[in-house]
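# A look at the structure
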Amino acid sequence: MASLTEKTDTEIDQWIRNHEQKGATSAPLYLQLLEERARRSQEKGHLNIDMSLELLAQAAIEQRCVTYGDLAKASKVEWSQARHRMSGANGHLDRLLDVCHARGLPMLPAICVNESGRDTGELEASALGGFVAGARRLGVAIAEERFFHRRARDACWQWGREQSRTG
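Below: a short report on this structure. All figures in this text were calculated on a predicted structure; none of them were measured in a lab. (Residues numbered from 1 in each chain as written. Predicted model: local features only at pLDDT ≥ 70, side-chain atom pairs only at ≥ 80, totals over all residues. Heavy atoms only, no water.)

## Digging into the overall build of the protein
Across its full length, the protein carries eight helices and two strands. The order of helices and strands in the protein, counted from the N terminus, is α-α-α-β-α-α-α-β-α-α. Here the protein has a C-alpha radius of gyration of 15 Å; the compact-globule value for 167 residues is 15 Å, and the two agree. With respect to the three principal axes, the spread of C-alpha positions in the protein is 45 × 35 × 35 Å. Here the protein holds 167 residues, and the buried ones make up 46% of them. (Helix = DSSP H or I, 4+ residues; strand = E, 2+ residues; numbered from the N terminus. Rg over C-alpha atoms; globule rule 2.2 N^0.38 Å. Buried < 20%, exposed > 50% of the residue type's maximum accessible area, 1.4 Å probe, protein only.)

Okay, here's the thing in structure tokens:
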């Protein structure tokens, strides 16, 4: 098989959709495809996946939430430039969910909230919808959305506590 870097964006996206339709979201090739799509997205979108993951991991260790603006700052991108690339299908948060899934991390974007939720850890309705849609795309079954988000957020903080004990 040719290297993934030789495949077009359309081919990568189609392979990912095929895996998702088959429920093969833990297949090694699917995980590689997610990483490749995130790498390409980062090249095009100015928001840095690794810097965002570093910020989210540190926030998980510190048991706190960050905002979308904090992610933009981590990439040294003005909010006015970052806001349209942050959410929605194929946005930066979606790519972060992909990379967390591919690397076996908790869904760290669960602790990235609107400014109004910084202290409570709660997402506004539109942000909750985007988070849940991304998780479902990755094959997660979700019955009650708000409960799912809280469970994912708590899993991030549990992971953070484990990192602080071992790090």
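Having seen the model, we can carry on.
## Notes on the packing of helix H3 (residues 49–61) against helix H6 (residues 92–102)
One way to put it is that H3 packs onto H6 with a least axis distance of 10 Å and a crossing angle of 75°. Comparing their axes, H6 and H3 come out roughly perpendicular. Contacts between H3 and H6 pair Ile-49, Ser-52, Leu-53 and Leu-56 from the former with His-92, Arg-95, Leu-96, Val-99 and Cys-100 from the latter. Tallied by class, residues from the contact of H3 with H6 come to six nonpolar, two polar and one charged. (Axes fitted to C-alpha atoms, helices over the stretch in contact; angles between N-to-C directions. Parallel < 35°, antiparallel > 145°, perpendicular 65-115°, else oblique. Contact = heavy atoms within 4.5 Å. Nonpolar A, V, L, I, M, F, W, Y, C, P; charged D, E, K, R; others polar.)

## Digging into the nonpolar core
Judged by nonpolar contacts, the single largest core of 49 residues is most densely connected at Leu-56, Leu-71, Met-86, Leu-108, Ile-111 and Phe-131. Of all the elements, H3 adds the most residues to this core, at seven residues. Among residues more than four places away in sequence, those in contact with Leu-56 are Val-66, Leu-71, Leu-96, Leu-108, Pro-109, Ile-111 and Cys-112. (Core = buried A, V, L, I, M, F, W, Y, C linked by side-chain atoms within 4.5 Å.)

## What to know about H3
The end-to-end C-alpha separation of H3 is 18 Å, in line with the 18 Å expected for 13 residues at 1.5 Å each. Measuring from the backbone nitrogen of Asp-50 back to the side-chain oxygen at the start of H3 gives 2.9 Å, which picks out Asn-48 as the cap. Within two residues after H3, Gln-63 carries a phi angle of roughly 60°, on the positive side. (Expected span 1.5 Å × (residues − 1). Polar contact = N/O pair within 3.5 Å; in protein donor to acceptor, adjacent residues only side chain to side chain.)

## Topic: the packing of H6 against helix H7 (residues 125–137)
Contact geometry of H6 with H7 gives a least axis separation of 10 Å together with a crossing angle of 40°. Crossing angle aside, the handedness with which H6 passes H7 is right-handed. Residues Asp-94, Arg-95, Leu-97 and Asp-98 of H6 pack against Phe-131, Gly-134, Ala-135 and Arg-137 of H7. In terms of residue class, the contact of H6 with H7 is built from three nonpolar, one polar and four charged. (Left-handed = near helix turned anticlockwise from the far one by under 90°.)

## Here's the deal with the side chain of Glu-36
Inspection of the secondary structure puts Glu-36 in helix H2 (residues 28–45). A distance of 2.7 Å separates the side chain of Glu-36 from the side chain of Arg-40, its partner in a polar contact. What Glu-36 contacts, discounting residues up to four positions off in sequence, is Leu-4, Thr-5 and Ile-12.

## Considering unusual backbone geometry
A positive phi angle, near 60°, is found at Gln-63, a position not held by glycine. On the secondary structure map, Gln-63 appears in the loop between H3 and strand E1 (66–67). Looking at Gln-63, the relative accessible area reads 31%, which means it is partly exposed. In this structure, Asn-90 takes a positive phi of about 75° despite not being glycine.

## Details of helix H1 (residues 9–22)
Over its 14 residues, H1 extends 20 Å from the first C-alpha to the last, a length consistent with the 20 Å expected when each residue adds 1.5 Å. Positive phi appears at Gly-23, one or two residues downstream of H1, with a value of about 70°.

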